[in-house]
Protein chains: 2
Amino acid sequence: MQRPSMEFWFEFASTYSYLSVMRVEQAAAAAGVEVRWRPFLLGPVFLALGWNDSPFNIYPPKGRYMWRDLARLADKYGLPFRMPSQFPRSGVLAARVALIGVEQGWVAPFARAVMTANFAEDRPIGERPVIEDILSGLGLPAEAVLAAALTDDNKLALRQQTERAAELGLFGAPNFRVGEELFWGNDRLEDALAWACSAAS
Amino acid sequence: MQRPSMEFWFEFASTYSYLSVMRVEQAAAAAGVEVRWRPFLLGPVFLALGWNDSPFNIYPPKGRYMWRDLARLADKYGLPFRMPSQFPRSGVLAARVALIGVEQGWVAPFARAVMTANFAEDRPIGERPVIEDILSGLGLPAEAVLAAALTDDNKLALRQQTERAAELGLFGAPNFRVGEELFWGNDRLEDALAWACSAAS
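Calculation notes
Residues numbered from 1 in each chain as written. Chains lettered and ligands numbered in written order. Predicted model: local features only at pLDDT ≥ 70, side-chain atom pairs only at ≥ 80, totals over all residues. Heavy atoms only, no water. Buried < 20%, exposed > 50% of the residue type's maximum accessible area, 1.4 Å probe, protein only. Helix = DSSP H or I, 4+ residues; strand = E, 2+ residues; numbered from the N terminus. Pairing = 2+ DSSP bridges. Right-handed = clockwise from strand over helix to strand, strands pointing away. Least-squares fit on C-alpha atoms with pLDDT ≥ 70 in both. Contact = heavy atoms within 4.5 Å. Axes fitted to C-alpha atoms, helices over the stretch in contact; angles between N-to-C directions. Left-handed = near helix turned anticlockwise from the far one by under 90°. Nonpolar A, V, L, I, M, F, W, Y, C, P; charged D, E, K, R; others polar. Salt bridge = Lys/Arg side-chain N within 4 Å of Asp/Glu carboxyl O. Polar contact = N/O pair within 3.5 Å; in protein donor to acceptor, adjacent residues only side chain to side chain.

Let's talk about the pairing of strand 1 (residues 5–10) of chain A
Residues and elements named next belong to chain A. Summarising burial for strand 1: five of the six residues are buried, a large majority. The pairing of strand 1 with strand 2 (residues 34–39) spans six bridges and is classified as parallel. Across the sheet, Met6 pairs through a bridge with Val35, a residue of strand 2. Handedness of the β-α-β unit built from strand 1, helix 1 (residues 15–31) and strand 2 comes out right-handed. For strand 1 and strand 3 (residues 175–178), the ladder comprises three bridges, and the chain directions are antiparallel. Bridging from a neighbouring strand, Phe8 pairs with Phe176 of strand 3.

A look at the relation of the copies chain A and chain B
After a rotation of 180 degrees and a shift along the axis of 0.0 Å, chain A superposes on chain B with an RMSD of 0.0 Å. These values place the two chain copies in the arrangement generated by a two-fold rotation axis. Closest to the rotation axis within chain A is the C-alpha of Asp187 of chain A, separated from it by 3.6 Å. A share of 100% of interface residues in chain A that are also interface residues in chain B marks the association as one of identical surfaces.

Topic: the sheet that holds strand 4 (residues 181–184) of chain B
Residue and element names in this part refer to chain B. Ordered in space as 2-1-3-4, the four strands form an open sheet in which the pairing is mixed. Edge positions in the sheet fall to strand 2 (34–39) and strand 4, since each has one partner strand and no second. Mean inter-strand twist for the sheet, computed between neighbouring axes without regard to direction, equals 25 degrees.

Quick look at the packing of helix 5 (residues 92–104) of chain B against helix 7 (residues 128–137) of chain B
Residue and element names in this part refer to chain B. It is the contact of helix 5 with helix 7, at a shortest axis distance of 10 Å, that shows an interaxial angle of 35 degrees. Crossing handedness for the pair helix 5 and helix 7: right-handed. Note on element contacts: helix 7 touches helix 5 through Arg128, Ile131 and Leu135, opposite Leu93, Ala94 and Val97. Across the contact of helix 5 with helix 7, the residue classes break down as five nonpolar, no polar and one charged.

Regarding the pattern of salt bridges
Enumeration over the complete set of coordinates arrives at 36 salt bridges over all chains. Note that Arg72 of chain B and Glu181 of chain A form a salt bridge whose closest N and O atoms lie 2.7 Å from each other. Highlighted residues: Arg72 of chain B in helix 4 (residues 60–77) and Glu181 of chain A in strand 4 (residues 181–184), drawn from two different chains. Several salt bridges share partner residues, and in doing so they unite Arg68, Asp69, Arg72, Glu181, Asp187 and Arg188 of chain A together with Arg68, Asp69, Arg72, Glu181, Asp187 and Arg188 of chain B into one network.

Thoughts on the interface of chain A and chain B
Across the contact, 22 residues belong to chain A and 22 residues belong to chain B. Across the chain A-chain B interface, the total number found is 10 salt bridges. Asp191 of chain A is paired through a salt bridge with Lys76 of chain B; the nearest N and O atoms lie 2.7 Å apart. Counting across the chain A and chain B interface gives 17 residue pairs in polar contact (both at pLDDT 80 or more). Elements supplying a minimum of two residues to the side of chain A that touches chain B: helix 4 (60–77), strand 4 and helix 10 (189–200) of chain A. With eight residues, the top contributor of residues to the side of chain A that touches chain B is helix 4 of chain A. In terms of residue class, the side of chain A that touches chain B is made up of 12 nonpolar, one polar and nine charged.

Below, the structure written as structure tokens:
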């Protein structure tokens, strides 16, 4: 029997990705499922659908609902939440660094720290000093990590991962992918884990 | 202590409303929550957001995902599902009849029968003979009910209910409303029920 696994596609600017980034490791561990982290950028995916901004900004009733829903859900999960003064913030730098974290094995705590900075501490995660500070806080060599994140090869890797997201039919975030099955949204995490377990058994 | 209650806003053309229409009474009864049925039309709500069709048709990746998600969820809930050959179908006549059903106390079985016709039997629920057949199948006087549904007063009542939906900030369906709290989507049914119980205690 194969150990069940699941791809986790998320974007640092995405509100519902915040909830899943904070929850996914614990929920997956409890279910015995391995998580494969897949940071990507929603911007190009949204542009292909005709949106040059977050749909939560383009459609105000949807945005108003989302912020209230997010506050309620954070409360339900026991997660801190403060409405960011800017939305969406660029997740490009954080995603580039996260790719290095996938290679080196520290993506999960890094992603949680960036998401907490964005959605609980209202810090500008698109800016290099904030990311440096987060890396240092995790005991990582910030300068070396950022140098690796900003190589042309790594920038290309993020572009390719984002193109792959579009090929897979992603149109939002977060997503959980189990084999060919796509589960969209924080509220599908448990269904995706159940699918991974049943597919592997 | 007040008996907890919840408004249930749904549209007969809506795929995720299908799941909730089939589940809501049983789940609410188990939680001790009274359901107040609020049929409305998504068409005018979507038009106000700039969509002249279902977003699932306008954005193909979203539509492809939705149909797969719906099939999986129907399976999870033990509900029959067959992809309708036409989507969306007009829910106008069914919603007009449902308003009479709210007054007369048979909206729940009527809504379940119409939703089953649309999403499990691929029947054209926008057409009068189908609605007549459903009413007769429930032992209701189809001609008299349809006459009441098609009065100017009742048509106006549905328009007003749809305007109310927009005022409440609805932008999709189904929705559950508990006091001033709005819960959007079939996957929020359990959260809405928990909120209703805790608000009433």
